[in-house]
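Inside the fold
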Amino acid sequence: MKTTLTSLALSALVFATPMLAQELAREDSGKFVLEAGEHSLIDLVNRSGKFLKRNHLYNPGEINNPVAGEVNLQQRLVLDAKGCEEVICQLLYTRGFARMTIDKDRGIYEWIAVNGPKRGQLGLHSEYVPMDELDGYRNLVGVSIMTHVKLEHIDANIATAQLRPFFAQGGGAGMSLIPGSVGNGTALLLQGPAPQVFGACQLLRLVDQEAADSAKEGRQSEEIEGRLRALEKRVEKLEKVGAEG
């Protein structure tokens, strides 16, 4: 009996050693690895929190809900810290979950159901992101942020009115783009899902530049017309002098 137990223990150790070595290799490589196959949502949240050195809060009753299901991957993913954050946000969002920033400095975040009882808090926990840092948030699906855009050639109040219907579709409470202005016509405020905020800012930059180019072209046209009129007057004078001579 003792010999049998010893053999079983050795067999288990031999089987576990490659798996343990693989896990250690992953940690040493500094990569977050998602193997092909099924992954539970709670495992994704816990593993990513540990890898990113963050505290991920959640309601076990929500995240373990059978309706949410699991995530099934057909291909293995090897991710760095940025990729881990983006992919986990994307995968959880496909199952109806969004991430709230509770305390960024202390690394405290909470995962909630988009249509759950806390959905109204998504906007309240929007993280402020300066314009020059938005590119790092462009793939964070299910994360609400806010920023402000300085406009040089477009009136912010008009831009606000135009953007509302453009981004009105989809989202639900806290997960749709909300534009606003502070009344001075030069600053536009944007709040909503990170990819939409990033897209709206890119659009505004392009349109604001086109408006500047159009204004420049208009001024150039006026200058050309003015020169033509002056030239016509000089020609008239010369013709008049020639006729009198």
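Residue numbering note: each chain is counted from 1, following its sequence as written. For a predicted model such as this one, the threshold for reporting local features is a pLDDT of at least 70, and the threshold for listing and counting side-chain atom pairs is 80 or more; totals across whole chains, interfaces and linings nevertheless cover every residue. Processing note: side-chain calculations cover all non-hydrogen atoms of the structure and skip hydrogens and water entirely.

A few points about the pattern of salt bridges
A carboxyl oxygen of Asp or Glu within 4 Å of a side-chain nitrogen of Lys or Arg is what we treat as a salt bridge. A complete count under the given rule lists eight salt bridges for this structure. The salt bridge partner of Glu35 is Arg76, with a shortest N-O separation of 3.1 Å. Taken together, the residues Glu35 in the loop between strand S1 (32-34) and strand S2 (37-39) and Arg76 in the loop between strand S4 (71-73) and strand S5 (77-79) connect sequence positions 41 residues apart. A salt bridge links Arg138 to Asp135, with the nearest nitrogen and oxygen atoms 3.0 Å apart. According to the relative accessible area criterion, Asp135 is partly exposed, its value standing at 45%. In this text, helices come from DSSP runs of H or I with a minimum length of four residues, and strands from runs of E with a minimum of two, each type numbered from the N-terminal end. When a residue's accessible area, from a 1.4 Å probe over protein chains only, is under 20% of the maximum for its type it is buried; when over 50% it is exposed; and in between it is partly exposed.

Points about the sheet that holds strand S10 (residues 178-181)
One requirement defines pairing of two strands: DSSP has to find at least two bridges between them. Here we have four strands laid out as an open sheet, ordered S8-S9-S11-S10, and mixed in their pairing. Of all the strands in the sheet, just strand S8 (127-128) and S10 have a single pairing partner and so form its edges. The pairing of S8 with strand S9 (residues 144-150) spans two bridges and is parallel. In the sheet register, Tyr128 faces S9, and the bridge partner there is Met146.

Some remarks on unusual backbone geometry
Of note in the backbone geometry, Lys53 takes a positive phi value of approximately 60° without being a glycine. Turning to its location among the elements, Lys53 is positioned in the loop between helix H2 (41-51) and strand S3 (55-58). With relative accessibility at 74%, the residue Lys53 sits in the exposed group.

Remarks on the packing of aromatic side chains
In this analysis, rings of Phe, Tyr and Trp, with Trp reduced to its six-membered ring, are considered paired at centre separations within 6.5 Å, and the interplanar angle assigns stacked below 30 degrees, edge-to-face beyond 60, and tilted for intermediate values. Applying the stated criterion across every chain, the model contains one aromatic pair. On the basis of an interplanar angle of 55° and a centroid distance of 5.3 Å, the ring pair of Phe32 and Phe51 is categorised as tilted. Here Phe32, found in strand S1, pairs with Phe51, found in helix H2; they are 19 residues apart in sequence, far enough to count as distant. Judged by its relative accessible area of 24%, Phe51 falls in the partly exposed class.

Observations regarding H2
Here H2 has its buried residues at Leu41, Leu44, Val45, Ser48 and Gly49. The arc that holds the buried residues of H2, viewed along the axis, is 120°, so those residues lie on one side. Just past H2, the residue Lys53 takes up positive phi, approximately 60°. It is the directions from the helix axis to the C-beta atoms that the arc portrays.

A short note on the packing of H2 against helix H4 (residues 81-94)
The N-to-C vectors of H2 and H4 enclose an angle of 160°; their axes lie 11 Å apart at closest approach. On the basis of their axis angle, the class for H2 and H4 is roughly antiparallel. The interaxial crossing formed by H2 with H4 has left-handed handedness. Contact residues: Leu41, Leu44, Val45, Ser48 and Phe51 in H2; Ala81, Cys84, Ile88, Leu91 and Leu92 in H4. Each residue is assigned to one class: nonpolar for Ala, Val, Leu, Ile, Met, Phe, Trp, Tyr, Cys and Pro, charged for Asp, Glu, Lys and Arg, and polar for all the others, Gly among them. Grouping the amino acids of the contact of H2 with H4 by side-chain chemistry returns nine nonpolar, one polar and no charged. Angles run from 0 to 180 degrees between N-to-C directions of axes, and those axes are lines fitted to C-alpha atoms, restricted for helices to the stretch in contact. For classification purposes, an angle smaller than 35 degrees is called roughly parallel, one larger than 145 roughly antiparallel, one from 65 to 115 roughly perpendicular, and anything else oblique. What makes a crossing left-handed is the near helix being turned counterclockwise from the far one by less than a right angle; a clockwise turn instead makes it right-handed. When checking whether two residues touch, look at their non-hydrogen atoms; a contact exists if any pair is within 4.5 Å.

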